[in-house]
Amino acid sequence: MKSSLNDFHLRSMSALQDADVPFLIGGAYLLEAYAGVSRRTKDFDLFVRPQHVDAGIDALARAGYKTELTFPHWLAKAKFGRNYIDLIFRAGNGLCEVDDSWFERAHDDELLGLDVKLCAPEEMIWMKAFIMERERFDGADIAHILVTCAEKLDWQHLVQRFGPDWRVLLSHLVLFGYIYPSDQARVPTSIMSDLIGRLQRDAAPSGEPKRLCRGTLLSRKQYLVDVQKWGFHDARLGKRVHMDSEDIVQWTKAIPKAEKAPDKPA
């Protein structure tokens, strides 16, 4: 089985490299490389810039894969036999777009005789931080990356990546200190002081603000009641999110399938 999976990975990477489609390796392989956590999966997560998705799909189709642009706002898939390639160019919530910085900061590696690049741990933390579905929560992956890579992280870059979503990062860092009390000092004091200072200064706006629910950026199902019945504005319709109403409808319709296969990316 392992030999067959290796053949699939080699075939997939070679098809993209031969077509000059730049990609980064993430997912289960990256988690094992950085944190030593092994996870069996039929999916092989490769990250590409949005402008290279079509070229990636074409290259894999020419190599005999069955391909589809599964969700136009973030994901394409390619199937060969029983195994899948996930071509990821954003997070499922429309944030965390794969840009040039992902490639500039990628880590060089060798896999099955090919020179490849791995997503930087900061970008993986950023993307995984928003996955808080009822059937899947990637907080443990983040904790494991932190406990193995804390001293190697570019913490300022990590904070900048989260931008206005800094509360999400802070929530994971607080959990890290709870999970690993003996290791909590590995998160720089300056970073915690900065984020906690923001929290203390971040008073609610005066007047009657628009009722906004950012929960839909964390879970596509658990906050539907907020935006469908309770009158909250869906944060996914904000200008910085790469989703529109049609994307949200398609993403919502796919919930039952994801619940049957909770190991799939969210």
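Draft legend 1. View of the pattern of salt bridges. The full count for this structure, using the stated rule, is 18 salt bridges. As a salt-bridge pair, D86 and K77 come within 2.5 Å of each other at their nearest N and O atoms. K77 shares its class with D86; the two are buried. Between R198 and D194 there is a salt bridge, with its nearest N and O atoms 3.2 Å apart. Note that R198 and D194 are positioned in helix α9 (residues 189-201) at a spacing of four residues, about one turn of the helix.

Draft legend 2. View of unusual backbone geometry. One non-glycine residue with positive phi stands out, namely C96, at about 60°. Relative to the helices and strands, C96 is located in the loop between β5 (83-88) and α4 (100-104). Positive phi outside glycine occurs at L112, with the angle close to 55°. Here L112 is to be found in the loop between β6 (107-111) and β7 (114-118).

Conventions used here
- Residues numbered from 1 in each chain as written.
- Predicted model: local features only at pLDDT ≥ 70, side-chain atom pairs only at ≥ 80, totals over all residues.
- Heavy atoms only, no water.
- Salt bridge = Lys/Arg side-chain N within 4 Å of Asp/Glu carboxyl O.
- Buried < 20%, exposed > 50% of the residue type's maximum accessible area, 1.4 Å probe, protein only.
- Helix = DSSP H or I, 4+ residues; strand = E, 2+ residues; numbered from the N terminus.

Without other data, these values stay purely geometric and don't point to any function.
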